[in-house]
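Notes for the structure review
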Amino acid sequence: MTVRETEQTATKAVRPYYLPPPFQDSADHGRLILRDGTTATLRVATLDDYQAMRDFYARLSPQSRRMRFFTENKPGEDSIRSACDSTDPSRQLTLVVLRHGEQGPRIVASGSYFRHTDHSAEFAVAVEDGFQGKGIGGLLLERLSVLASARGFTHFMAVTHPANRSMLDTFRSSGFQLREQHEDGCVEVDLEVSPRAESVAHSEMRDRLYTHASIRPFFNPKAVAVIGASRDPEGIGHRLLENLVHSRFNGPVYPVNPHATVISSIRAHASILDIPDDVDLAVIAVPHEQVPAIVDECAAKGVRALIVISSGYAEIGTEGRERQEALLEQVRGHGMRMVGPNCLGLMNNDPGVRLNATFVAEAPPPGRIALSSQSGALGLAILTMAHRRDLGLSSFISMGNKADVTGNDLLNYWEDDPGTDVILLYLESFGNPRRFARIARRVSRHKPIVCVKSGRFRSYREPMSMEETAVAALFRQTGIIRAETLEEMFDVAALLGNQPLPRGRRTGIITNSRGSGVLCMDACSAGGLEVAALSPESLATLQGSLPPYTSTQPILDLTANAEPAAFRAATEAMLNDPGIDNVIILFIPVQPVEEKDYTHAIRDGLFNARNANGAGKPVATVMMTDRTRGVLLPMVDEHIPCYAFPETAAHALGLAAAYSDWRTRPPGMIPDFEEANPDEARRIAAEAGTADVLPPDKAEAFLRAFGIHTPPADGDHPVPAATVGIRHDPKFGPLIFFAEEQGGSAPTRAAAHRVTPLTIEEAATMTSGPAWERSQLPPESADAVQELLLRLSLMAEELPELGDLRIGLCPGASAGDPLRRCNIMVSPKPVSGDSTGPSP
């Protein structure tokens, strides 16, 4: 059988490959967000948990024990010890959920699976009465199904009482394939726990809704306490209090200071516990030594959300990092969420909220753009810049050390925020890139994300780092618009936040200066836009409206003598032209004129066109005057971004058009391959023992386990035409690459990288561009290379412990045999570092 026939046969067995959403920490430990937005800590049970587990079962009501054990009696010692024994996850595993009580951490729920057959396990869960109805059972089912699937279990079996409606509803709404059987007064349930479309969709929906509930108290609190408010006008606590009051927050604000009775004419309280009313948001601005006691008081008060302004944590080194970890454990143990520490606060410009818990007195106007900054001081500068450019914000947050609330949480929140249309991010680092990619890919489908990511180069002497390669691939695949500078981020945001998305790349240019028009035309071409001229029909409507010597090809140059009426007519005609998707209007005053006459003319032409054929087309202006450049021009029912230079407008429009193209493409399918056998590949890798690299025969067998049958090239030492394979980044996990072969073991700059998992469409994009063109592989081998890349992506997902892998490729002998392999390198060793670890 030829290679082509083999590939065609294999392709027929392709099916969708479903991956559960990545967890913020890990499947078996870390943060757990409950249905009501409160949090808990999850971890694997150990034999040391015997007494805590015994106490937990003792606290269950007789009804709850009957639902779990079919008896109201407490379980015996052997049963409790067995539930705590997770030393052999291939036999059984128990997860426990913990919250702080009066005596410290206590177990409030447990979930277990116990081996029944090689591929099935019994599932059981118990939840303390006071925590029932918070979705814990479903969360434990989700986590245990992931852990069990990794150990070869495909089915969960459970026996429950017909009256246990909450557990039955959990099974039925899980999205897993379900079979029920009623026998002897019980309900026997069989769940197929392999991920499928419905189970993945349910997990993502739950994650989004629960996260939204946990973030809501930050942006929509009913009452705010400022702990550390002071009388010193220069003090941080005083400035926070003043901004909350002056922004006219739609709720009570309570200053807390044990050394003052009145601050800024507001009665102060010595402790948050002295406040007579409920408080759901506390802003903490005290020395870090005082924070732990205050957190306990906030928990006792029932506070849901904390903004910790205080510094002295991970930003100062090892000691501070340990202090931050203890703070995070304390906050989670109480079920609260935290922004910071070492942050500068947040704001919500919703007129119904008017929350300004930052140091910035002059907030940007209300708008539909959300902004997150990892840097505190830079975040304040960004706010000032937004205010100066009149860019309306829906909300702003300074994440600080992002010990708890991260950019992933904010994306989940803003995705469903009706007041936000555009999301801006300034990032210095990623906490969990795989989770970020999964969420961003979904959010970008209906809300643009514009991101500035710093740290692209180690130094001016060093080339782009591997992490930067991964960042570039992640942004490309998730539709994130990457801005090179903060100014560029605002330029793009001004367009996306005020104008429709481009429906195409055909761009008309109106100008009264030939030079500025040519600059704009060049920038459009560089940004992937197509400069389009007015059609003869549109030109006919302009007869008698244009100045003498007007040039109409390829841009509409009205000349320096253009009156406002010419701009009005040209704007209306260009927007109404069916052959034009976008319009850029350039105006340079070459003689003393009334600038407002021209802006009013543009406004009138825009209004007329919007009510005809010009609806849904973005418009950008360049008014090269001191008063209007870099701001938004108010029109009748909209605002038009006004840029300082022609190139800026063209570049912003080009980025918006590229994003629009990505958004209109189908999401793509991540393929599975029926004949792939990950267990066989693991067995082969295990036989290698401590070897750094598999021997050739083992490497070939390893590839065959995933259906990779590319035959060897002819000759003793064939020279590869391309380095295809898997590389691991400690933070981002596996990267799939295709590169030209120039000797050595690492891909060169002429390489295409993608983060996993890879869709069919993304694999196709890798066989284009410089790396493919310089590889000297024949065009007819593209399909075979794409399938090879997809199989490698599946391998990387199924075998996260795999090290690096490289396959040298050579042209085949004929069109029916287009691809051969020259060499193979498979490293079976686990990758150092945690590619899916928690946020720093």
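Our structure is the block above this text.
Our subject in this report is the structure included herewith. (Residues numbered from 1 in each chain as written. Predicted model: local features only at pLDDT ≥ 70, side-chain atom pairs only at ≥ 80, totals over all residues. Heavy atoms only, no water.)

This paragraph deals with the overall build of the protein. What the protein contains, in helices and strands, is 25 helices and 36 strands. Taken against the 2.2 N^0.38 rule, which gives 28 Å for 840 residues, the C-alpha radius of gyration of the protein at 30 Å falls within 12% of a compact globule. Overall, the C-alpha framework of the protein stretches about 100 × 90 × 55 Å when taken along its three principal axes. Going through the 840 residues of the protein one by one, you find that 57% of them count as buried. (Helix = DSSP H or I, 4+ residues; strand = E, 2+ residues; numbered from the N terminus. Rg over C-alpha atoms; globule rule 2.2 N^0.38 Å. Buried < 20%, exposed > 50% of the residue type's maximum accessible area, 1.4 Å probe, protein only.)

Before going further, it helps to spend a moment on the packing of aromatic side chains. Within the structure shown, the criterion is met by 16 aromatic pairs. An aromatic cluster is defined as three or more aromatic residues linked by ring pairs; in this entry it consists of Tyr113, Phe123, Phe153, Phe156 and Phe171. The residue whose ring lies beneath Arg143 is Phe23, and the NZ or CZ to ring-centre distance is 4.0 Å. A cation over an aromatic ring shows up here: Arg445 above the ring of Trp662, its NZ or CZ 4.1 Å from the ring centre. (Phe/Tyr/Trp six-rings, centres within 6.5 Å; stacked < 30°, edge-to-face > 60°. Lys NZ or Arg CZ within 6 Å of the ring centre and 35° of its normal.)

This next bit is on the sheet that holds strand β10 (residues 224-227). One open sheet holds the 5 strands; their spatial order is β11-β10-β14-β15-β16, and the pairing between them is parallel. A strand with exactly one partner marks an edge of an open sheet, and here the two such strands are β11 (253-256) and β16 (337-339). This sheet shows a mean twist of 20 degrees between the axes of neighbouring strands, independent of strand direction. The pairing of strand β14 (residues 281-284) with strand β15 (residues 305-308) spans 4 bridges and is parallel. The residue of β15 that forms the bridge with Ala282 is Leu306. Helix α7 (residues 197-219) contacts β14, β15 and β16 of the sheet and is inclined by roughly 50 degrees relative to β16. Strands β10, β14 and β15 of the sheet are contacted by helix α9 (residues 291-301), whose axis makes an angle of about 170 degrees with β14. (Pairing = 2+ DSSP bridges. Axes fitted to C-alpha atoms, helices over the stretch in contact; angles between N-to-C directions. Contact = heavy atoms within 4.5 Å.)

Next up on the list: the packing of α9 against helix α10 (residues 318-333). In the contact formed by α9 and α10, the axes pass within 10 Å of each other and the chain directions differ by 10 degrees. Between α9 and α10, the angle is such that the two are roughly parallel. Between α9 and α10, the residues in contact are Val291, Pro292, Val295 and Asp296 and Leu327, Gln330 and Val331, respectively. When its residues are assigned to classes, the contact of α9 with α10 shows 5 nonpolar, 1 polar and 1 charged. (Parallel < 35°, antiparallel > 145°, perpendicular 65-115°, else oblique. Nonpolar A, V, L, I, M, F, W, Y, C, P; charged D, E, K, R; others polar.)

Right, let's get into the state of the cysteines. This model, assessed by the stated rule, comprises 1 disulfide. Residue pairing for Cys810: its cysteine sulfur links by disulfide to Cys822, the two sulfurs lying 1.6 Å apart. Negative torsions about the S-S bond denote left-handed disulfides, and the value of about 110 degrees found for Cys810 with Cys822 makes this one right-handed. Within this pair, whereas Cys810 is found in strand β35 (residues 805-814), its partner Cys822 is found in strand β36 (residues 817-826), the two being separated by 12 residues in sequence. Assessed through its relative accessible area of 17%, Cys822 is described here as buried. With no disulfide of its own, Cys520 lies closest to Cys524 among cysteine sulfurs, the gap being 4.2 Å. (Disulfide = S-S within 2.5 Å.)

With 6 of 6 residues buried, strand β20 (residues 393-398) is to be regarded as a mostly interior element. Sheet topology places strand β19 (residues 366-373) next to β20; 6 bridges connect them, and they run parallel. Note on β20: the bridge partner recorded for Ser372 is Ile397.

This part is about the environment of Tyr413. For Tyr413, the location among the structural elements is in helix α12 (residues 407-415). For Tyr413, a relative accessible area of 4% translates into the label buried. Separated by 275 residues in the primary sequence, Tyr413 and Gly138 have C-alpha atoms spaced 21 Å apart. Not counting residues within four places of it along the chain, the set of residues in contact with Tyr413 comprises His212, Ile215, Arg216, Phe219 and Asn220. Separated by 3.1 Å, the side chains of Tyr413 and Asn220 make a polar contact. (Polar contact = N/O pair within 3.5 Å; in protein donor to acceptor, adjacent residues only side chain to side chain.)

A few words on the nonpolar core. The nonpolar side chains of a soluble globular protein tend to be buried, and buried together. Of all hydrophobic cores here, the largest spans 106 residues; its most connected members are Phe218 and Phe436. Per element, the largest residue contribution to this core is 9 residues, and it comes from helix α20 (residues 646-664). Counting 45 residues, the second largest nonpolar core, distinct from the first, contains Ala763, Met766, Val785 and Met795. (Core = buried A, V, L, I, M, F, W, Y, C linked by side-chain atoms within 4.5 Å.)

The next thing to look at is the pattern of salt bridges. One pass over the structure, following the stated rule, counts 44 salt bridges. A salt bridge links Arg442 to Glu415, with the nearest nitrogen and oxygen atoms 2.7 Å apart. With Arg442 in helix α13 (residues 433-443) and Glu415 in helix α12, the pair connects residues that are 27 residues apart, well separated along the chain. Taking the relative accessible area as the measure of exposure, Arg442 reaches 18% and is therefore buried. The residue Glu801 makes a salt bridge to Arg682 at a minimum N-O spacing of 3.4 Å. Placement of the pair is Glu801 in the loop between α25 (782-798) and β35 and Arg682 in helix α21 (residues 678-687), with a sequence separation of 119 residues. A relative accessible area of 29% places Arg682 in the partly exposed class. (Salt bridge = Lys/Arg side-chain N within 4 Å of Asp/Glu carboxyl O.)

Here we take up α9. The complete set of buried residues in α9 reads Val291, Ile294, Val295, Cys298 and Lys301. When α9 is viewed along its axis, its buried side chains cluster within an angular range of 120 degrees and face the same direction. Those residues of α9 that are buried lie in contact with β10, β14, β15 and α10. (Arc of directions from axis to C-beta.)

As a further point, take the sheet that holds strand β21 (residues 422-427). Taken in spatial order, the 7 strands make up an open sheet running β18-β17-β20-β19-β21-β22-β23, and their pairing is mixed. For this open sheet the edge positions go to β18 (355-358) and β23 (481-482), each flanked by a neighbour on one side alone. In the packing of α7 onto the sheet, contacts are made with β17 (345-348), β18 and β20, and the angle to β17 comes to roughly 90 degrees.

Where α21 is concerned, the buried positions are Pro678, Ala681, Ile684 and Ala685. All buried residues of α21 lie within an arc of 120 degrees about the axis, which places them on one face of the element. Structural note: α21 exposes Asp679 and Ala686 on the side pointing more than 90 degrees away from its buried face. Trailing α21 by a residue or two, Gly689 shows a phi angle of about 65 degrees, which is positive.

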